[in-house]
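Tertiary structure, described
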Amino acid sequence: MPTAILTGQPVPGSSIEGDLRALGFDVRSVTDIAGTETVLAESSCDERVALVDARFVGHLHALRLGLTDPRFPLAAVPGAVTAQPGAGRTALTRVLAREISASGDTPKAPRPVASADAVDSLADRIALALDEDGAAVHRPELGSLTATVPADSEARDEARQAVEAVDDEAVRLKSAVKSRDGFFTTFCVSPYSRYLARWCARRGLTPNQVTTASLLTALIAAGCAATGSRGGFVTAGVLLLVSFVLDCTDGQLARYSLQYSTLGAWLDATFDRAKEYAFYAGLALGAARGGDDVWALALGAMILQTCRHVVDFSFNEANHDATANTSPTAALSDRLDGVGWTVWVRRMIVLPIGERWALIAVLTALTTPRTTFTVLLIGCGFAATYTTAGRVLRSLTRKAQRTERATRALADLTDSGPLAELIGRIPVRTPGSSRFIPALEIAVPLLVAVGLCSYGSRVPIAFAALYVLGSGVAVSIPLKGRLDWLVPPLFRAAEYGTVLVLAGKAEVNGALPAAFGLVAAVAYHHYDTVYRIRGNAGAPPRWLVRASGGHEGRTLVVVVLAALLSASQFVVALTVLAVVVALLVLAESIRYWVTAHQDGAPAVHDEGVPA
C-alpha cells in the first residue's frame, strides 16, 4: 500500500487524513522533518510515497491528480509531493536528506519561501528542491480545483469556501473526456459514455477489461457481417457502434480513475487496429457468401488506412522535438483553429476513428459491402491527400533542425532488414541530402512493374532486386531531409501494394484472403514499432527485424514466389508466410509489452488526435 506522510501539526476539522485514506494511502503523521525521514526509510521501496502538509485544504480530485497518476515518477500540487519507486523515490530521498542537513546547520533560521505571503511547507520546499536538481516534477493543471496550504484561519475559511463552491466530481467527469476529439465522438458518444466510464469505475472495472469487451464486441460484429444476410449486416453495424462506445469508455475510465498502464496503452492501440481490420475481413466474407468478391477492396482499404497512419506517425516523429518548428502553413492552421466551425470541419474531413467507424456502421447496415468499401476508399483517399499535402507544405516552408532522436525514429520506422542494412554499409555517393526522391524512384517502378506484367513473369524480379538495392542506398545516410518522413510510408505502400497486386493477378480462390492475412501481420509489426517508439522504448530488437526479413526482404520473397510458383502454390506460400510472420512478431510483441508492464515501465497515454 502506498504511504502518505502527513507533516506538521494537524488542524481541527481537517479532512486531509480521510481524503488520503480514500485514495488508498496508508497515512503516517509526523511533526518534524526527522520523523519524515524515519517514516520514509521504513516505507516499502516498491510503493509510492507522498509528503502532504497537514494544513492542506483542497478538493479530493486535486489530490488524486497530484498524488496517484502512474505516468509520472514525480508529481506535486501545492502542499503535496509524491514519488514513485525507482528514480523518483531516489531523488526524493536525496533532496529530503539535504533538507535535514540544512535544517541541522541552522536550526533556528526560518526556511526561505517563495514570497512574503507564501507558507513554509516542507512538501513545497521538497518540490522546489527537486526542480532545482533538474528532476521532472509533474504539476497537473487544476483549473477550478483548489489545492493550497492556508497561512491562517481566515485564509483557511476562504479556501474551504472555494472547495464548497466547485463540484470536483463534475470536474472529474468532464476531464475524463479527451480534450481534442472528433465531431462524432464529442457530440454523439462522449455525452453519455463518460457516465458509463464512471459506472465502470464504481464497480471496480479496469480500462483493460473494457478494452477487451470492446474487442469482443467488434469480433462478434465481424462474425455477424460474415453471415452475408441483411439481418447480419444490420446487427454488425449496431455492434460496431457499441464497440466504439466501449472504445471511448476505456480511455475515459482511465482518465477518470487515473488507471494508466503500459499494457493498457498497448492493448488500446493494437485492439483498435484489430477491430477495424477484422471487420473488413468479416464484410469481405459476407460479400463472398452473396457471390460478390470484394477482398481486393477490403485489402485496399486496410493498406490505405495503414499507410495513412504511417504518414501521421512519421511526420509526428520527425517533428517531435524539432527546433525552430515554424512555417506559414502551420500559422494558417493555427488561425483556422481559432474559427469555431472550421475546427470541426477540419477534424471531420480527415475521417478520424469516430467518423470512420460511424460511416462503416451505417453503410454496412443500409447498403452492400462493395458500396461500404468503395465509399470508405474514396473518403480515406481524400483524407490522406488532404493531410499529406498539408504536411508536405509545412515541411517545405518551415526551417527546422531535425534532432538525432527524430532521425533515429525515422530509421526505425523504415523497417529496413538485413539486405538493406548490408547494402547501406557500402560507401556509395548519392546526390543530395534527402532520401525521399531515391525512395520514390525505387517504389514506383516496382509497383508499375508488378502491375503491368502478367502473373508468373520474371520481369518483376529484376525490379524487386533494384528495390532491395535502392532501399539500402536510400537509408545509407541519416533521414534528415525536409521530406524524408515520407520514406517509411513509401516503403509501406510498395510492400503492401506489391502483395495486393500479385495476389489479385493470381486469380485463384484464397489468394487475396491470404494476402490480407500477410499484410495484416506485417502491419501489426509496423504499428508495434510505432507504439514502442512512442513509449520511449526504441524499435523492436534487430533480431526480430532481421528474422522477419525487413520490408525489402519480404517484398523480394513475395515477388520471387509469384514468379516461380503456380497460382495455387502461391496461395499456400502466402498463407505460410503470413502465419510465420504473425507468430514471430506477435510472440515478441506480447513478451515485450507484458514484461514492460510487470517491470513497471512508465505508462503512456496518448491524448492526441484519434487515428
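This write-up is about the structure you can find in this document. (Residues numbered from 1 in each chain as written. Predicted model: local features only at pLDDT ≥ 70, side-chain atom pairs only at ≥ 80, totals over all residues. Heavy atoms only, no water.)

Some details on the environment of Ala165
The test is simple: Only DSSP runs of H or I covering at least 4 residues are called helices, and only runs of E covering at least 2 are called strands; the numbering of each starts at the N terminus. Note on classification: 1.4 Å probe, protein chains only; a residue is buried when its accessible area is under 20% of the maximum for its type, exposed when over 50%, partly exposed between these limits.
Structurally, the position occupied by Ala165 is in helix α6 (residues 153-165). By relative accessible area, which is 65% here, Ala165 ends up exposed. Residues Ala165 and Leu145, 20 residues apart in the sequence, show an inter-C-alpha distance of 9.7 Å.

Remarks on the pairing of strand β5 (residues 74-77)
Rules: Two strands are counted as paired when DSSP detects at least two bridges linking them.
Burial along β5 is two-sided: the residues Leu74 and Ala76 and Ala75 and Val77 are all buried. One ladder, built from four bridges, connects β5 with strand β6 (residues 80-83); its direction is antiparallel. Residue pairing in the sheet places Ala75 in a bridge with Thr82 of β6.

What to know about a nonpolar patch on the surface
In plain terms, the rule: Like-charged residues within 9 Å of one another, or nonpolar side chains (Val, Leu, Ile, Met, Phe, Trp, Tyr) within 5 Å, are grouped into patches, provided each residue has over 30% relative accessible area and no salt bridge. Every accessible area reported is derived by Shrake-Rupley at a probe size of 1.4 Å, with residue values counting cover from the shown protein chains alone. Any Lys or Arg side-chain nitrogen found within 4 Å of a carboxyl oxygen on Asp or Glu counts as a salt bridge.
A contiguous nonpolar surface patch, about 420 Å² in accessible area, is contributed by Ile437, Leu440, Val444, Val448 and Leu452. By secondary structure assignment, the location of Val448 is in helix α19 (residues 436-452). When its relative accessible area of 42% is taken as the criterion, Val448 is described as partly exposed.

So, unusual backbone geometry
Working note: non-glycine residues mostly have negative phi, and peptide bonds are mostly trans. Of note, Leu258 is a non-glycine position whose phi angle comes to about 55°, a positive value. Within the secondary structure, Leu258 is located in the loop between α10 (230-257) and α11 (262-289). In this model, Asp415 sits at a positive phi of 60°, which is unusual for a non-glycine residue. Residue position: Asp415 is located in the loop between α17 (404-413) and α18 (418-424). By relative accessible area, which is 4% here, Asp415 ends up buried.

Some points on the pattern of salt bridges
One pass over the full model with this rule turns up 28 salt bridges. Among the ionic pairs, Asp133 bridges to Arg94, the shortest N-O distance being 3.8 Å. Here the residue Asp133 occupies a position in the loop between α5 (122-132) and β7 (147-148), and Arg94 occupies one in helix α4 (residues 87-105), the gap between them amounting to 39 residues. The partly exposed category is assigned to Asp133, whose relative accessible area is 33%. In this structure, Arg542 and Glu421 form a salt bridge, with 3.0 Å as the shortest nitrogen-oxygen distance. Pair noted here: Arg542 is in helix α23 (residues 542-547) and Glu421 is in helix α18, with a separation of 121 residues, a long-range link.

Details of the nonpolar core
Inclusion rule: Remark: nonpolar core denotes a set of buried residues (Ala, Val, Leu, Ile, Met, Phe, Trp, Tyr, Cys) joined through side-chain atoms within 4.5 Å. Here, residues are in contact when the closest pair of their heavy atoms is within 4.5 Å.
Counting residues in each nonpolar core, the largest one holds 103 residues, and the members touching the most others are Tyr280, Trp485 and Leu518. For this core, the leading source of residues is helix α22 (residues 511-534), giving 15 residues. In this view, Leu518 contacts Val499, Val558, Leu574, Leu577, Ala578 and Val581; residues no more than four positions away in its chain are not counted. The next biggest cluster of nonpolar side chains, apart from the first, holds 23 residues, and it includes Leu6, Phe25, Leu67 and Tyr260.

Topic: the environment of Ser416
Here is the rule: Throughout this description, a polar contact denotes any pair of N or O atoms lying within 3.5 Å of each other; where both atoms belong to protein, one of them has to be capable of donating a hydrogen while the other can accept it, and for residues adjacent in sequence the pair is counted only when both atoms sit in side chains.
With respect to the secondary-structure elements, Ser416 resides in the loop between α17 and α18. On the basis of relative accessible area, Ser416 is assigned to the buried category, the value being 10%. Separated by 133 residues in the primary sequence, Ser416 and Gly549 place their C-alpha atoms 8.2 Å from one another. Filtering out sequence-adjacent residues up to four positions away, Ser416 remains in contact with Val475, Arg542, Val545, Gly550, His551 and Glu552. Within the structure, Ser416 has its side chain in polar contact with the side chain of Thr414 (distance 3.1 Å).

Topic: the packing of helix α7 (residues 168-175) against α10
Our working definition: Whenever a helix is involved, its axis is fitted only over the stretch in contact; in every case the axis is a line through C-alpha atoms, and angles between N-to-C directions fall within 0 to 180 degrees. An angle below 35 degrees is treated as roughly parallel, one above 145 as roughly antiparallel, one from 65 to 115 as roughly perpendicular, and anything else as oblique. What makes a crossing left-handed is the near helix being turned counterclockwise from the far one by less than a right angle; a clockwise turn instead makes it right-handed. Classes in brief: Ala, Val, Leu, Ile, Met, Phe, Trp, Tyr, Cys and Pro nonpolar; Asp, Glu, Lys and Arg charged; the others, Gly included, polar.
Contact geometry of α7 with α10 gives a least axis separation of 8 Å together with a crossing angle of 140°. The angle between α7 and α10 falls in the class oblique. Seen along the crossing, α7 lies across α10 with a hand that is right-handed. Where α7 approaches α10, its residues Glu169, Arg172, Leu173 and Ser175 are matched on the opposing element by Arg255, Tyr256 and Ser257. Taken together, the residues that form the contact of α7 with α10 break down as two nonpolar, two polar and three charged.

A word on a negative patch on the surface
Let me state the cut-off plainly: In this charge count, Lys and Arg are treated as positive and Asp and Glu as negative; neither His nor the chain ends contribute. Note that the charge is assigned to NZ on lysines, CZ on arginines, CG on aspartates and CD on glutamates.
A contiguous patch of negative charge on the surface is contributed by Asp152, Glu154, Asp157 and Glu158. Within the secondary structure layout, Asp152 lies in the loop between β7 and α6. Asp152 sits in the partly exposed class, given a relative accessible area of 43%.

As for helix α24 (residues 550-564)
Since there are 3.6 residues in each turn of an α-helix, residues three or four apart along the chain are aligned in direction. Worth spelling out the cut-off: A helix is expected to span 1.5 Å for every residue after the first.
Spanning 15 residues, α24 covers 21 Å between terminal C-alpha atoms, matching the ideal 21 Å at 1.5 Å per step. Residues of α24 that are buried: Gly550, His551, Glu552, Gly553, Arg554, Thr555, Val558, Val559, Ala562 and Ala563.

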